[in-house]
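Single-letter residue listing:
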Amino acid sequence: MTVRPIEVAGGAVASSGTGIAPASSREAAFDKARRHSHLVRVLKFALPVAAIAIAAAFLGKSYMAAPSAIEIKSDDTAFSDGKLVMANPKLDGYTKDNQPYSMTARRAVQDASNQGVVELEGIDASLPLDKDNMAKVEAQRGVFDRDKNTLNLSQAITLTTTDGIVALFQSAFLNMGEGEMTTSEPVQIKLDGSTINSDSMNVLQNGKVFVFENKVRVTIEPQRYQTMRQDNGDL
Amino acid sequence: QTDGASRMSGLKLSGNLPIQIESDKLEVRQNDNIAIFTGNVNVVQGKTAMKAGKMTVHYANDGGSAATGSSNIERIEIDDKVFVKSETQTATGDRGTFDMKSEVLVLSGNEVVLSEGPNVLVGCKLTVQMGTGLAEVEGCKKGNQPGPGRVMMSLTPGSQNSN
């Protein structure tokens, strides 16, 4: 009995049928559109400039214009060739069920034209798994997307949890907002006496569900097995 | 003829060897305290091995967490054609359960086979005490036939005194 994923067929609904307007109102509509697009062109240029100006205004020492849910503070910031470089930034945010998460890094680089994305180096994040279980994530490099509340870690990562898991990844995509993580590269998870290896893994529902796939290998050491039997009052 | 059950010993779990489990997929559900191995499940401990299509490990909800394996295994359910092999014996069935506390493995199905060399026992239920290795096959109840079902047993002459 193999479990097949259910494909949901997405149907596209086409809407059509617009009446043909009389000639005069067509010119009017055309003029209106032309003025509109002119306005849009102006705004398209003006807005980014304004945005940079506002961002520049905020640069200073501490506060960055960030959505209330995510706050970035850093020791000092430098602004060079359109890139904002922050030393020891500290980012705080909230998952969708309002659990706080925090992240520090050695360095963060943010392109002024794209405020939502921050490149991080030397990352140290702590993520809530559930009320009394936190995950600590350490990674060399990653890209944090503030708007989507996600962290894409492209290099080796170590994850440790308060209840004793030590997990090693080659890369991982964390969706802090949803409390999910996924990796399509080999994973090793260790806990006193048992080890799980697989070539891909998904963590869902804030660490409630772990799905390992592709060459899953689990080893349970004797002493782990022993304590199970002792606890069950055998020996 | 035996009383519908016959005994052999050989299937055993040794307490001091690591258990290795392989499968295509493993899903650990913390809230339900279960870990589900699916797809070519292969469990090996020393010379004892078990193969099945699916194996569900039930953890006791004693505060530990299924994902970390820190909580204790209560029982294991095995589905989709179970094959168990030890140094001297093999057993097959449609499904099985293994109770951690009593260390009793039960294989069931419409044709459960326990064989040791040329000796074969066929019935509907095999109960093995994995601590001692004592195995017992119970026959299949045909319709409303009274009493325990019949166990087909074939012993090859001269092999009785082999173990």
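Residues numbered from 1 in each chain as written. Chains lettered and ligands numbered in written order. Predicted model: local features only at pLDDT ≥ 70, side-chain atom pairs only at ≥ 80, totals over all residues. Heavy atoms only, no water.

- As annotated in an unreviewed UniProt entry, chain A carries the name LPS export ABC transporter periplasmic protein LptC and comes from Oryzicola mucosus.

### Observations regarding the side chain of N175 of chain A
All names here are of chain A.
Link 1 in the chain: Relative to the helices and strands, N175 resides in strand 11 (residues 172–175).
Link 2 in the chain: A distance of 3.0 Å separates the side chain of N175 from the backbone nitrogen of E178, its partner in a polar contact.
Link 3 in the chain: When neighbours within four sequence positions are excluded, N175 is seen to be in contact with K148, N149, T150 and E180. (Helix = DSSP H or I, 4+ residues; strand = E, 2+ residues; numbered from the N terminus. Polar contact = N/O pair within 3.5 Å; in protein donor to acceptor, adjacent residues only side chain to side chain. Contact = heavy atoms within 4.5 Å.)

### Digging into the packing of aromatic side chains
Residue and element names in this part refer to chain A.
Link 1 in the chain: One pass over the structure, following the stated rule, counts 1 aromatic pair over all chains.
Link 2 in the chain: Taking 6.3 Å as the distance between ring centres and 15° as the angle between the ring planes, the aromatic pair formed by F210 and F212 counts as stacked.
Link 3 in the chain: In this structure F212 comes out as buried when scored by relative accessible area, which is 2%. (Phe/Tyr/Trp six-rings, centres within 6.5 Å; stacked < 30°, edge-to-face > 60°. Buried < 20%, exposed > 50% of the residue type's maximum accessible area, 1.4 Å probe, protein only.)

### Here's the deal with the state of the cysteines
Residue and element names in this part refer to chain B.
Link 1 in the chain: Taken as a whole and judged by the stated rule, the model has 1 disulfide over all chains.
Link 2 in the chain: Residue pairing for C124: its cysteine sulfur links by disulfide to C140, the two sulfurs lying 2.1 Å apart. Its S-S torsion of about 100° marks the bond between C124 and C140 as right-handed, since a negative value means left-handed. Placement of the pair is C124 in strand 10 (residues 119–129) and C140 in the loop between strand 11 (134–138) and strand 12 (152–154), with a sequence separation of 16 residues. (Disulfide = S-S within 2.5 Å.)

### Topic: the pairing of strand 6 (residues 117–130) of chain A
Residues and elements named next belong to chain A.
Link 1 in the chain: Two strands pair when backbone bridges link them, and strand 5 (residues 100–111) and strand 6 are joined in this way by 8 bridges, in the antiparallel orientation. Across the sheet, M103 pairs through a bridge with A125, a residue of strand 6.
Link 2 in the chain: Counting the residues between successive antiparallel strands, the hairpin from strand 5 to strand 6 contains 5 residues.
Link 3 in the chain: Here strand 6 pairs with strand 7 (residues 133–145) via 12 bridges, running antiparallel. (Pairing = 2+ DSSP bridges.)

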